[in-house]
Each structure stands twice: as structure tokens, then as C-alpha cells.
Amino acid sequence: MIKEPFDQMHEECGIFGVYGHPEAANLTYLGLYALQHRGQEASGIVTFDGQTFHEEKGTGLVSDIFSQERLSRLKGSAAIGHNRYSTAGGSRLENVQPIRVNYALGTLAMVHNGNLINADFLRDELEAYGAIFQSSMDSEVIVHLIAHSRQKRLSERIVESLSRVRGAYSLIFLSEEGMIGVRDPYGVRPLSLGKMNDGGYVLASETCTFDLIEAEFVRDIEPGEVVQITEKGITSFSPFLPTEAAHCVFEYVYFSRPDSNVFGRNVYEIRKRLGKELLQESAVDADLVIPVPDSGVPAALGYAEASKLPYDTGLIRNHYVGRTFIEPQQSIRHFGVKIKLNAIRGLLEGKRVIVVDDSLVRGTTSRKIVKMIRAAGAKEIHVRISSPPIVSPCFYGIDTPTRHELVAASHSVEEIRKYITADSLSYLSNEGMFRAVYNRPLGENTDFCTACFSEKYPIPFTGAEIRQLGLFSENVPSSEEA
Ligand code: AMP
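Description of the structure in this document. Counting restarts for each chain: residues are numbered from 1 in the order of the written sequence. Where local features are concerned, this predicted model is filtered to residues with pLDDT of at least 70; where side-chain atom pairs are given and counted, the filter is 80 or more; whole-chain, interface and lining totals use all residues. Each side-chain value is worked out from all heavy atoms of the structure, with water and hydrogens disregarded.

1. A closer look at the pairing of strand β7 (residues 167-175)
Two faces belong to every sheet, and in a regular strand the side chains alternate between them. The buried label applies to any residue whose accessible area, calculated with a 1.4 Å probe on protein chains only, is under 20% of its type's maximum; exposed applies above 50%, and partly exposed to all values in between. Each helix corresponds to a stretch of at least 4 residues labelled H or I by DSSP, and each strand to a stretch of at least 2 residues labelled E; elements are numbered beginning at the N terminus. The buried fraction of β7 amounts to nine of the nine residues, a majority that puts the element mostly inside the structure. Residues G167, Y169, L171, F173 and S175 point to one face of β7 and A168, S170, I172 and L174 to the other, with burial holding for every one of them. Sheet analysis places strand β6 (residues 106-116) next to β7, joined by nine bridges and oriented antiparallel. Bridge pairing links L108 to S175 in β7. Note on pairing: DSSP must find at least two bridges between two strands before they are called paired. Examined bridge by bridge, β7 and strand β8 (residues 179-183) share five bridges and lie antiparallel to one another. Looking across to β8, one finds that F173 is bridged to I180.

2. Quick word on helix α16 (residues 430-438)
For α16, the complete set of buried residues consists of G432, M433, F434, A436, V437 and Y438. The contact definition used throughout considers only heavy atoms, calling two residues in contact when any of these lie within 4.5 Å. Turning to α16, the residues buried within the fold contact α8 (250-255), β16 (265-266), α9 (267-281), β23 (448-449) and α17 (451-454). Looking one or two residues beyond α16, the residue adopting positive phi is N439, at roughly 60°.

3. As for the pattern of salt bridges
Throughout this description, the term salt bridge denotes a Lys or Arg side-chain nitrogen within 4 Å of a carboxyl oxygen of Asp or Glu. One pass over the structure, following the stated rule, counts 24 salt bridges. Across the pair R435 and E277 runs a salt bridge, and its minimum N-O distance is 3.0 Å. Of this pair, R435 sits in helix α16 while E277 sits in helix α9, placing them 158 residues apart in sequence. Using a relative accessible area of 31% as the deciding quantity, one classes R435 as partly exposed. Among the ionic contacts, a cluster of salt bridges with common partners joins R38, R189, E206 and E251.

4. Let's talk about the packing of aromatic side chains
The relative placement of two aromatic rings is captured by the distance of their centres and the angle of their planes. Put simply, two rings from Phe, Tyr or Trp (the six-membered ring, in Trp's case) pair if the centres are within 6.5 Å, and we call them stacked under 30 degrees between planes, edge-to-face over 60, tilted for the rest. Under the criterion given, the structure shown has 16 aromatic pairs. Here Y252 and F263 contribute two aromatic rings whose centre-to-centre distance is 5.8 Å and whose plane-to-plane angle is 80°, an arrangement assigned as edge-to-face. One end of the pair, Y252, is in helix α8; the other, F263, is in the loop between β15 (261-262) and β16, and eleven residues separate them in sequence. For Y252, a relative accessible area of 0% translates into the label buried. Note on F263: relative accessible area 9%, which makes it buried. Between the aromatic rings of F263 and F448, the centroid separation amounts to 6.2 Å while the plane-to-plane angle is 70°, which identifies the pairing as edge-to-face. A residue pair is termed long-range when its members are at least 10 positions apart, and F263 in the loop between β15 and β16 and F448 in strand β23 qualify at 185 residues. Here the two residues F263 and F448 agree in accessibility, since each one is buried. Among the aromatic side chains, those forming a connected cluster through ring pairs are Y252, F263, F434, Y438 and F448. Here, a charge over a ring is recorded when the distance from Lys NZ or Arg CZ to the ring centre is within 6 Å and its angle to the ring normal is within 35 degrees. Sitting over the ring of F133, R123 keeps its end group 5.5 Å from the ring centre.

Structure representation (C-alpha cells):
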């Protein structure tokens, strides 16, 4: 049988959990609804009612999957849930989280946001010992390691297992004993703790969920921290070797919702400052600043505010189309740009227009947008990108295409400008991005992962992984082994 490789290159996820609240399933439903932007292909909830675990999963949007009837079957005061986006093979129901298993200590359900680098290696090893994998998710490795562990307590098994995996993980576990939240030692993906006024705790990828369910934000789970929530309350410990944090800066640039506070900072404010910094670095004379909706809106506002140029809408987005990028096929994606956006001719005709977007990946969106604005009669089109060129893929849980498809990996800014047919094109510098994030001049240590912009991967790869992932193709150390 041909083994299906882990589809670990293409995962974006949102996770949520509630402990100690009678409406656990409904709250989780709302939490996942608020996290829909983090994954739109599949969703699932597992609850525990003190006796039995219940599970409902499906593919599609949260609001389509969970009917009143399905939610009413999810009994109990503890629940965890997951939104997922993935590509090849990923939409199969076995690949929808939470992962739920029976093992020596009872039942365990788990949700994972992030990406493991050494999952293939660990899976081969586990299979050699007889493990039978049910899915093609890299996350399944973690539950197998937990099941194989000889430790007596679940928390010890989790720690032992996670000390073997490398990569990015924010995790929530649900067992008969309680709920456990963990963040990898680098703190790549976010995970926050909240408290319900009427009792119970919540864990979530983003704080926008707390606003919706009226939970009070308590704090972020620390990098490398394990938080256990049981009937007795909360306990926490940090069992992993401390390391320099590497929070994903792309959460600020694009991925998180602007109304969330991520890694202790408000995303909207940072995005506005990204626009302001962009103006400082690449001002141009024009009549109008317009955003690429919705992702470019805060940066365009920041740019316009700082430049004193008028800001207007320019492009109208059809909100009933999903994010163009989060669709499984290239053919649909191309089509998606056209059905998603339309230009307002009356506003753009004869104008010199500055178009602000958060990022440029393949360049296909910008190219279509520039053509659309040009067709609407604009005299000049200046594209401004509120992040640096994306030169390298993410292996920690943001969906980016292969290096080959990243236009900035192999083309100069001028070549990209020509390709997208803009009159001018500027990106924000790395320094400008950090000035916006920190809101002060840049120091030495940034505690952020900028691998997609800098090729500096904070979590070390082995030689075998470098070859497998096609990284740094020019300087792969040929003799180095895993
Ligand atoms: P492209 O056409 O490939 O250059 O895509 C650029 C657009 O994709 C920008 O408007 C971004 O807002 C958006 N984008 C960037 N990264 C992602 C991602 N990981 N998932 C979905 N959309 C993204």
C-alpha cells in the first residue's frame, strides 16, 4: 500500500476549548465561528459529560456543520473544537479534528494548531512498532506517542511525547480528568486563557472569541507552558527547556483577526502602524489610497492617515466568497479573485491610485487587481505591500505555497512590478515591520519568527528534513544525516 504523506505543508487552524460550563458545546460553536478565518474546510467538536464523550464533525463552514440538533447531542460541561484548512486528502472525515482515541488511561481528545517538522520520521518509527494511523494528519503522531508512553499520568505522558516532537504546536487536550492546554517552547502559534463570568475557563487561538462569548481575558499561555484545568482549578508548569520565543509575525500581518490581541498586542493597531511605516518608506504622489479588502484595510487606513491623502473603498468585496487563498485548487483560486472583488469605476477613473495589501504571495491577486483597477480607468496604480517580500515557505502552520511558487523567492521587486503591471511597487522592510510591531525602534532580539520573510527558521532542521522539504537548495549539506 502506498502510504499517504502527511499533508503538513498546508495547515491553518483555529482551536477552542471550554471547561466547567453547562453550555460548553454552544460556547465552542461560537468560538469556532469567531475563528472561522483560521480554517474553512472542516470543523469538529468533542464534549465530555462526566461519563461519555460525544463527537460531531464535518467538512465545510462551522455554521453549516453544526445544526441545533447536532449541538444538542454534544452534552457535557467540557468541550474542545477545531477549525481546519488543508489540501490534498485533507477534507476526509478522518482528517477532521478533534482526534479522539481510547488508550490505557481512558479516552483522550486533542486539537492542534501548528505544524510538526519531524512527524514523518516519528510516524515511521511508531509504525515500525505496530502503530496504526487513522489519518494523514501530522498531529496524530502526538496521540500515538502519548498512547505508547509508560508514564502514569496524562500530563507526564504529554510532556514526554512533546519532548520528542519538533515544530509549532498550540494544543488543547480533553480527558476524563480535565482540559490541558500546551504551547510549544517557541510560542509560535497563539493560545490564550479566558474565564467565564458564570464559571468555567476557556482556551482559544484568539481573543476575539472571548469578546463574542463575553469571557474575560486572563492571560496568554506562555511558550512551553502546560496548563491543566480540572474541577479543582488551574495548575501550570513549564517542563521544557526554555528557549528564545519565536512568535509568528505573520499572525499580525495577515492571519489573525484585527480585533484579537495576539502575543500581547492588538492586531488592528499593528496593522495600522504597518501602513504608517510603509508610507514612511515608500511615499508616492497620488490622489487616493484604497485597500484590498478586507486584509489590506487597516494598513491602507494607516497609510492614508499618515500621508493625509484621501482614503476610499475603491474595490468592493463579495463577502459570500471564501478567502481566495483558502481553496483547494489553483483553478478555483484564480477564478475566485474575479468573483470576489470588483472596482468602482466612478471613483477610480482618471485617478492616481495607491493600492495597499497586507502581503503578496504568488502575485496573482495583485496582478488581477491592478488589471481590474486599470480597466476601471485609473491613470496610475501604485501597489504598496505592508510586509516584506515572502521568500520562503512556512513549516509552522501558515499555508504558503512551495518556494517555487513564491514570486519573491526568485524575482526582484522590479520584476514583480512588471508582472503585476503596476506603475510602482514597494514592500515594507523587515525593520519597518518590527517598528510597527513594537511601536519603538528595533532592538537586537525580536522574539518573532520571520522565516517567511528572512529564511531564518527558528526551529532547527536536520539534514534529512532540509532535503525532504527542499529547503536552502543551494547549500544542502550532503553528508549530514538526521
Ligand atoms: P497572491 O495572489 O498569491 O499573491 O495572494 C496574495 C493575497 O493572499 C493577499 O491579498 C493576502 O491577503 C492573501 N494571503 C496571504 N497569505 C495568505 C494565506 N496564508 N492564506 C490565505 N490568504 C493569504
